[in-house]
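Results of the structural survey
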Amino acid sequence: YDVMWGAKTMSKRYSYSAIFVVSGFLAASAIYVLSKGANAFSECGGGQISSGTIGGPFELINQDGLTVTDKEVIIRPSLLYFGYTYCPDICPYDVARNVEASDLLKKWGYDATPVFISIDPKRDTPDVLRDFIANMDQKLMGLTGSDAQIKAASQAYKTYYKVNETGDDYYLVDHSTFTYLVLPDLGFVDFFRRDDTAEQIAEKTACFIKATTKD
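Cut-offs used in this document
- Residues numbered from 1 in each chain as written.
- Predicted model: local features only at pLDDT ≥ 70, side-chain atom pairs only at ≥ 80, totals over all residues.
- Heavy atoms only, no water.
- Axes fitted to C-alpha atoms, helices over the stretch in contact; angles between N-to-C directions.
- Helix = DSSP H or I, 4+ residues; strand = E, 2+ residues; numbered from the N terminus.
- Parallel < 35°, antiparallel > 145°, perpendicular 65-115°, else oblique.
- Left-handed = near helix turned anticlockwise from the far one by under 90°.
- Contact = heavy atoms within 4.5 Å.
- Buried < 20%, exposed > 50% of the residue type's maximum accessible area, 1.4 Å probe, protein only.
- Polar contact = N/O pair within 3.5 Å; in protein donor to acceptor, adjacent residues only side chain to side chain.
- Core = buried A, V, L, I, M, F, W, Y, C linked by side-chain atoms within 4.5 Å.

**Focus on the packing of helix α3 (residues 90-107) against helix α6 (residues 198-212)**
Following both chains from N to C, one finds α3 and α6 inclined at 50°, their axes separated by 8 Å at the closest point. Looking at the two axes, α3 sits oblique to α6. In terms of crossing hand, the pair formed by α3 and α6 is right-handed. Residue-level inspection shows R97, N98, E100, A101, L104 and L105 of α3 in contact with α6, the latter providing A198, E199, I201, A202, T205 and A206.

**Some thoughts on the side chain of T144**
The topology assignment puts T144 in strand β5 (residues 141-144). On the basis of relative accessibility, which here comes to 3%, the residue T144 falls in the buried class. Of note is the side chain of T144, whose polar atom sits 2.8 Å from the backbone oxygen of D124. When near neighbours in sequence (up to four residues on either side) are disregarded, T144 contacts L60, I61, S118, P121, D124, T125, P126, L129 and I150.

**Brief notes about the nonpolar core**
Formed by 36 residues in total, the largest nonpolar core has its most connected members in L80, I117, L143, Y157 and Y180. Those elements giving two or more residues to this core turn out to be β3 (78-83), α3, β4 (113-118), α4 (126-136), α5 (147-156), β7 (172-175), β8 (179-183) and β9 (187-192). Per element, the largest residue contribution to this core is 4 residues, and it comes from α3. Of all hydrophobic cores here, the second largest spans 20 residues; its members include C44, A101, F192 and A206.

**A few points about the environment of T212**
Structurally, T212 is set in helix α6. Through-space distance from the C-alpha of T212 to that of L186 is 9.5 Å; in sequence the pair is 26 residues apart. Contacts of T212, omitting those with residues within four sequence positions, involve F41, L183 and L186. A distance of 2.7 Å separates the side chain of T212 from the backbone oxygen of I209, its partner in a polar contact.

Next up, the structure:
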């Protein structure tokens, strides 16, 4: 009990501090987006960031052990989250919220995929991801890969993570906790913070989807 409580406390401290590492960049990106003037996504409170700023191609391994690329993963609007299955509290909450957002979107007639990208490939094997998905929701897509593959995907989305080695299997991983909205062909269009609710995420995602389907 004491060990777990300590792990949770440390995880919260590391995760919240990691937010400040990345939030400055994302805030600047959001300002850039909002300053671009009228565009297809202006009514959604955001817009498409210039190509190459956030997001890009990646090659990872899914929960079935198959190698997949971003083109095979982002086949519909997707909510990308970088975390790890051994995270004591933050990741399960955020992923469950993203799943709930996708459920709300489904009720409203929209199809979106919650995607979980592990930043702990040492422990998060495809088998572990399958168990994680089984306990969470089958609509969730889980991705892992080699250290190099994970690093490349993380760098593409400007995320932060750092493994705190302890010499055993109970180490924690510091990481940023943003969720990225990515659209097929368009790529990254917006991001969500930890304090955004499932309803807020679903509403904004629906706005972006509607904007892309207008005549």
